[in-house]
Amino acid sequence: MKHEFFKKTFSAYSPDQLAAWLRPLGFSLDNPQPIAKAILALSDIYTSNRGSSAVWEDPRFLAAYLCYFMPLNLMRCEAALLQTRHLPKTSYLIDYGAGLGALSLAALNSHSFEKIILYEPSKKALKMAEQIFADLRPSAPVQFESSSSRIDQFLNSSASKT
């Protein structure tokens, strides 16, 4: 059970699937040097300028995230979520500042939610997240939002139901 997530997610996160996500960004696994440079540059940005959503606007950084940070963050999120199994269950998850959705993907494999909402202000990152989720076929209803007011509406309607 503990390693089921890795089997589910990483069997879908194959080199062929990764290549398909990289192609529209102008990158190829056959030429890894530009991707390696982008990974180093993104790592520097994350180290010096945390919290900047501008990284999602650059295809180099989307490619770097897909190749290096996404798999790493999927494993980190799954490890963290395994520690929460003893907590009371909730029917929904809001992944605020979702980026490409690593937390939500990990949550789909380790928890049951009636609804998962990915909020990401970057439309480019949200579009890529939608593609990733479409390709990996999540098992729960997933909603993608770039407007925080829609999150507020959902929370207010959920609160009024209780």
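All residue numbers refer to positions counted from 1 along the written sequence of the respective chain. In keeping with the model being predicted, local features are shown solely for residues with a pLDDT of at least 70 and side-chain atom pairs are shown and tallied solely at 80 or more, while totals for entire chains, interfaces and linings include all residues. In computing side-chain properties, one takes all heavy atoms of the structure into account and sets aside hydrogens as well as water.

Asks: Would you explain the nonpolar core in this entry?
Replies: It is characteristic of soluble globular proteins that their nonpolar side chains tend to be buried jointly. Residue types Ala, Val, Leu, Ile, Met, Phe, Trp, Tyr and Cys, when buried and joined through side-chain atoms within 4.5 Å, form a set referred to as a nonpolar core. Accessible area is worked out with a 1.4 Å probe on protein chains only. A residue is then buried under 20% of its type maximum, exposed over 50%, and partly exposed in between. With 40 residues, the main nonpolar core has Trp21, Tyr65, Leu66, Met70, Leu100 and Ile132 as its most contacted residues. Runs of H or I in DSSP of at least four residues are treated as helices and runs of E of at least two as strands, each being numbered from the N terminus. For this core, the elements supplying multiple residues, two or more each, are helix H2 (15–22), helix H3 (32–48), helix H4 (59–82), helix H5 (102–110), strand E2 (115–119) and helix H6 (123–136). Between two residues, a contact is recorded if the distance between any of their heavy atoms is within 4.5 Å. Residue contacts for tryptophan 21: discarding those within four places in its chain leaves Tyr13, Leu66, Met128, Gln131, Ile132, Asp135 and Leu136.

Asks: How should I be thinking about the pattern of salt bridges in this particular structure?
Replies: Side-chain pairs of opposite charge can arise whenever the charged atoms involved come near each other. Every case where a carboxyl oxygen of Asp or Glu lies within 4 Å of a side-chain nitrogen of Lys or Arg is listed as a salt bridge. Tallied over the full model, the rule gives one salt bridge. Aspartate 58 is the partner of arginine 60 in a salt bridge, and the nearest nitrogen-oxygen pair spans 2.7 Å. With a relative accessible area of 40%, arginine 60 lands in the partly exposed category.

Asks: Could you clarify how one ought to interpret the packing of aromatic side chains in this entry?
Replies: Describing an aromatic ring pair means giving the distance of the ring centres and the angle of the ring planes. Two aromatic rings from Phe, Tyr or Trp, using only the six-membered ring of Trp, form a pair when their centres are within 6.5 Å; if the ring planes differ by under 30 degrees the pair is stacked, by over 60 it is edge-to-face, and anything between is tilted. According to the stated counting rule, one finds six aromatic pairs in the structure shown. The interplanar angle of 85° and the centroid separation of 5.2 Å between the aromatic rings of tyrosine 46 and phenylalanine 69 together place this pair among those described as edge-to-face. Of the two residues, tyrosine 46 sits in helix H3 while phenylalanine 69 sits in helix H4, which places them 23 residues apart along the sequence. Judged by its relative accessible area of 21%, tyrosine 46 is partly exposed. Each ring, one from tyrosine 68 and one from phenylalanine 69, has its centre 4.8 Å from the other, and the planes form 90°; the classification is edge-to-face. For phenylalanine 69, a relative accessible area of 9% gives the class buried. Each residue in the set Tyr46, Trp56, Tyr65, Tyr68 and Phe69 is aromatic and connected to the rest through ring pairs, giving one cluster. Working rule: Lys NZ or Arg CZ, within 6 Å of ring centre, within 35 degrees of ring normal, means a charge sits over the ring. Across from the ring centre of phenylalanine 61, 4.6 Å away, lies the NZ or CZ of arginine 60, which sits over that ring.

Geometric values such as these leave the question of function open.
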